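Residue-level listing of the chains:
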Amino acid sequence: MSSGPAPISAEARRALEQELADLRAERGAVAETLGSTDPVGDPADQADELQRATEVARLDSRIDEITARLRDGAEAGPPRTDVVGVGSTVTVRFPDEGVQTVLVGEVAVGSALTLVTADSPLGLALLGRRAGDAVSWQAPDGPATAVVVSIGDGG
């Protein structure tokens, strides 16, 4: 894997842009309430003011993360079908013979497929794999395995 920022799909870019717009609106609404209490208010008013200031800082942090991701992430081309990467549609078979098609993504986007984030245990296990490869990861209830059936035919 390269050391630079991962490419970003058009769908993920749209989802991040929408999240950014929502965060900016929320930040504006919260920031507007800062300083609106009487400076000699009771401790509850002061605690509420501190909580709103903390929320603005949290929103600012996420806004900065998304802004940097949008600025630094190159536009991704169509996902590869020979190896699993971010944006790949992957069909996997589990030991119980259950088969599921998932989208390995960066952010939640509107899709009929189950999203597996690239930084989740299953997502990390799938990245770089090819059809026929067995993968294993640590699931919440213990070790798990699956086999990559195909890449790119579930969408």
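The text that follows walks through the structure, step by step, so that each part is easy to find.

## Quick look at the overall build of the chain
Looking only at helices and strands, the chain has three helices and five strands in total. Across the chain, helices and strands are ordered from the amino to the carboxyl terminus as α-α-β-β-β-α-β-β. In the chain, the proportion of contacts linking residues at least 24 apart, taken out of those at least 6 apart, comes to 52%. In the form shown here, the chain has an accessible surface area of approximately 9300 Å², with 54% of it arising from carbon and sulfur atoms.

## Focus on the pairing of strand β4 (residues 134-139)
In summary, the side chains of a regular strand alternate between the two faces of the sheet. A one-sided burial pattern is seen for β4, the buried positions being Val-135, Trp-137 and Ala-139 and the unburied ones Ala-134, Ser-136 and Gln-138. As paired strands, β4 and strand β5 (residues 142-151) are joined by six bridges and run antiparallel to one another. Looking across to β5, one finds that Ala-134 is bridged to Val-147.

## Details of unusual backbone geometry
Non-glycine residue Glu-97 carries a positive phi angle of around 75 degrees. Classification of Glu-97 by relative accessible area gives exposed; the value is 56%.

## Topic: the nonpolar core
The nonpolar side chains of a soluble globular protein tend to be buried with one another. The biggest cluster of nonpolar side chains holds 18 residues, and the ones touching the most others in it are Val-84, Val-90, Val-104, Leu-126, Val-135, Trp-137 and Val-148. Examining the composition of this core, we find that four residues originate from one element, β5, more than from any other. In this view, Val-104 contacts Val-84, Gly-85, Val-86, Gly-87, Ser-88, Val-90, Val-116, Ala-118, Leu-126 and Leu-127; residues no more than four positions away in its chain are not counted. Ranked by size, the runner-up nonpolar core spans 11 residues in total, among them Leu-20, Leu-59, Ile-63 and Ile-66.

## Considering helix α2 (residues 43-72)
Given a rise of 1.5 Å per residue, 30 residues ought to cover 44 Å, and the 43 Å separating the end C-alpha atoms of α2 matches this to within 8%. Every buried residue of α2 is listed here: Glu-49, Arg-52, Val-56, Leu-59, Ile-63, Ile-66, Arg-69 and Leu-70. Where α2 is buried, its residues contact α1 (10-33).

About the cut-offs
- Residues numbered from 1 in each chain as written.
- Predicted model: local features only at pLDDT ≥ 70, side-chain atom pairs only at ≥ 80, totals over all residues.
- Heavy atoms only, no water.
- Helix = DSSP H or I, 4+ residues; strand = E, 2+ residues; numbered from the N terminus.
- Contact = heavy atoms within 4.5 Å.
- Areas by Shrake-Rupley, 256 points an atom, 1.4 Å probe, with all protein chains shown as cover.
- Buried < 20%, exposed > 50% of the residue type's maximum accessible area, 1.4 Å probe, protein only.
- Pairing = 2+ DSSP bridges.
- Core = buried A, V, L, I, M, F, W, Y, C linked by side-chain atoms within 4.5 Å.
- Expected span 1.5 Å × (residues − 1).

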